[in-house]
Amino acid sequence: MSVREKNAARLIKECAGLDAEVLIDPTLMLDAADWDKLAEAPAVLLPRRYALKYFLGSDSPKVAMFDEYCKRAGLEVVDLLGDPRFFACGPSEFIYLIRNSSLVATDSYHGSIFTLLYRKPLLMFERAGSQFDMSDRFDTLAEKLGLGNWREANWNYLESGEPKSFDVEDKLRIERAKFDSFLNRSLFSKSRKEIVYHG
């Protein structure tokens, strides 16, 4: 059994007495070159240089800092969910928009993952205005890929410099090996226990 978050593993242990292995999200098992094969430009004409804004919850108060930085840096803000021109965008356009951006600000887990895969500067926000706390998902991702304190990372760059991208390649190699090992043990081990469901 595998999960993506530490808290999920803890809950499974408490509720079922079973050990679950915490692994990276399957989307991280492919690299940017693999995802490039699916990327498609949206029908909307994009600015030459833009920052992608993608929020599933409410805007954080820190978004004002992001907007101000974009003005100073000459980056036009493409608001994926706030601009009706982008409502028809699907997964292929989503990948394209991240790949071609200069900066991504998001409270989306997978928005963060694709930004990391494409080595773009990333600002991860806690999701506001939602009944669901997504922070453990981000905490686990940050711990596994060596992002440090994602709640504070990069904000000093918005005030005095430029946001940076995260180098996650070494950590990704380690986590992908763990993922492969788990699959091999689960699918091909002769000693694995088979679970039979009676319904």
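Because the structure is a prediction, the values reported are computed rather than measured.

Asks: Explanation requested: helix H5 (residues 109-117) in the structure shown.
Replies: Within H5, eight of the nine residues are buried, which leaves it mostly tucked inside the rest of the structure. When we look at burial in H5, the residues that qualify are Tyr 109, Gly 111, Ser 112, Ile 113, Phe 114, Thr 115, Leu 116 and Leu 117. Regarding H5, its N-cap is Ser 108, as a side-chain oxygen of that residue lies 3.4 Å from the backbone nitrogen of His 110 further along. Two residues or fewer past H5, Arg 119 is found with a positive phi of approximately 55°.

Asks: Got a minute to help me understand the nonpolar core in this structure?
Replies: For soluble globular proteins, nonpolar side chains are generally found buried alongside one another. Grouped together as the largest cluster of nonpolar side chains are 39 residues, with contacts concentrated most on Leu 28, Leu 52, Leu 116, Leu 145 and Leu 147. Those elements that place two or more of their residues in this core are helix H2 (32-36), strand E3 (50-54), helix H4 (91-99), H5, strand E6 (122-124), helix H6 (135-145) and helix H8 (169-188). Discounting residues that sit within four places of it in the chain, Leu 147 has contacts with Leu 116, Met 124, Ala 142, Phe 166 and Val 168. Listed in part, the 12 residues of the second largest apolar core include Val 63, Phe 66, Leu 123 and Phe 125.

Asks: Would you explain the pairing of strand E5 (residues 103-106) in this entry?
Replies: Two faces belong to every sheet, and in a regular strand the side chains alternate between them. Neither face of E5 is open: one carries Leu 103 and Ala 105, the other Val 104 and Thr 106, and all of them are buried. Across four bridges, E3 lies against E5 in parallel orientation. Counted as the bridge partner of Tyr 54 is Thr 106 from E5. Pairing of E5 with E6, which is carried by three bridges, proceeds in the parallel orientation. Paired with Val 104 across the two strands is Leu 122, which belongs to E6. The parallel pair E5 and E6, bridged by H5, forms a crossover whose chirality is right-handed.

Asks: Explain the pattern of salt bridges here, please?
Replies: Pairing between side chains of opposite charge can happen when the charged atoms of each approach one another. Summed over all chains, the structure comprises 16 salt bridges. Notably, a salt bridge pairs Arg 4 with Asp 25, separated by 2.6 Å at the nearest N-O pair. Linking Arg 4 in the loop between strand E1 (2-3) and helix H1 (6-16) with Asp 25 in the loop between strand E2 (21-22) and H2, this pair joins segments that are 21 residues apart in sequence. Put simply, Lys 13 and Asp 19 hold a salt bridge, and the shortest N to O gap is 3.0 Å. Salt bridges sharing partners connect three or more residues here, namely Arg 4, Glu 5, Asp 25 and Arg 137.

Here is what the cut-offs are and how they apply
- Note that residues are indexed from 1 along each chain, following the sequence as it is written.
- The predicted nature of this model means local features are confined to residues of pLDDT at least 70 and side-chain atom pairs, given and counted, to a pLDDT of 80 or more, with totals for whole chains, interfaces and linings taken over all residues.
- Side-chain numbers here rest on the full set of heavy atoms in the structure, without hydrogens or water.
- Per-residue accessibility, obtained with a 1.4 Å probe over protein chains only, is compared with the maximum for each type, and a residue is labelled buried under 20%, exposed over 50%, and partly exposed between these values.
- Helix and strand definitions follow DSSP, with helices as H or I runs of at least four residues and strands as E runs of at least two, each counted in order from the N terminus.
- N or O atoms closer than or at 3.5 Å make up a polar contact, with two conditions inside protein: a donor-capable atom paired with an acceptor-capable one, and, for residues adjacent in sequence, both atoms drawn from side chains.
- In this text, buried Ala, Val, Leu, Ile, Met, Phe, Trp, Tyr and Cys residues form a nonpolar core when linked through side-chain atoms within 4.5 Å.
- What makes two residues a contact is simply this: any of their non-hydrogen atoms within 4.5 Å.
- Should DSSP find at least two bridges between two strands, the strands are regarded as paired.
- By convention, orient the strands away from the viewer: a clockwise path from the first strand over the helix to the second makes the crossover right-handed.
- By convention in these notes, a salt bridge is any Lys or Arg side-chain nitrogen within 4 Å of a carboxyl oxygen on Asp or Glu.

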